[in-house]
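# Chain and residue survey
The lines below spell out each chain.
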Amino acid sequence: MSATTTFALIRHGQTDWNAALRIQGHSDIPLNDTGRGQAADAVGHLAAEEWDFVVSSPLSRAAETADLIAEGLGLTVTGRIPGIVERNYGPAEGLGAGPELDALRVPGGPTGIGGFHGAETEASVADRGVEALQLLARDHPGARIIVVSHGTLIRLTLMRALEKPVDTIRNASLNVVVHDQVGWTLDILNGEPVPSDNLLLPTN
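A few points on the structure. These figures come from a predicted structure and were not determined experimentally.

Next up on the list: the environment of Glu120. Inspection of the secondary structure puts Glu120 in the loop between β5 (115-116) and α5 (122-139). Since its relative accessible area comes to 15%, Glu120 is described here as buried. Here the alpha-carbon distance between Glu120 and Tyr89, two residues 31 residues apart in the chain, equals 6.2 Å. If we skip the residues at most four places from it in the chain, Glu120 touches Glu86, Arg87, Asn88, Val125 and Arg128. A polar contact of 2.8 Å, which involves the side chain of Glu120, links it to the side chain of Arg128.

Okay, here's the thing in structure tokens:
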């Protein structure tokens, strides 16, 4: 029987663009003070369990969140993983709701949000997110890994892995998913336990 690998998937803390409801994507926007406080709060939620190490997206808002969490838990950040960087929203980055953003919209997609002209597809984001977690599970079987990434990346990765809808991921919230030979099980979403019937199917 293969080992069970547990992931705590943490969205970075708040940035000024989050607060202003502007699309970030690949734009490297740093944490604000609220975001740093959220990262500190995440330490308390994570401290209830044992974790082995931390990895993160290379974007500064995720990297700083990861560094704060690792420091608070006495762990090491072992890598910045390009595959878990946020979706590239192309020309939509920096925009908030309004006519300019609406003109770029492409409807549809598994989230119902669709996409934007010139942006990375939801399928591409889900592919690389699942692949990154599968590689971590392969290289660290049985480990308990904190992965600090981005809201859309986490959401689309979970939707692909579980083959079910997943709610919007809140800043610095705790999301726990388990991978074993059967497939994926979502235990916690946005800090709340998930009923056991939300387990789903292998994606390998």
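Moving on to the pattern of salt bridges. Applying the stated criterion across every chain yields a total of nine salt bridges. A salt bridge links Asp33 to Arg36, with the nearest nitrogen and oxygen atoms 3.0 Å apart. Of the two residues, Asp33 and Arg36 are both situated in helix α2 (residues 33-46); the distance of three residues between them amounts to about one turn of the helix. Assessed through its relative accessible area of 62%, Asp33 is described here as exposed. Among the charged side chains, a salt-bridge network with shared partners connects Asp33, Arg36 and Glu64.

Rules used in this analysis
Residues numbered from 1 in each chain as written. Predicted model: local features only at pLDDT ≥ 70, side-chain atom pairs only at ≥ 80, totals over all residues. Heavy atoms only, no water. Helix = DSSP H or I, 4+ residues; strand = E, 2+ residues; numbered from the N terminus. Buried < 20%, exposed > 50% of the residue type's maximum accessible area, 1.4 Å probe, protein only. Contact = heavy atoms within 4.5 Å. Polar contact = N/O pair within 3.5 Å; in protein donor to acceptor, adjacent residues only side chain to side chain. Salt bridge = Lys/Arg side-chain N within 4 Å of Asp/Glu carboxyl O.

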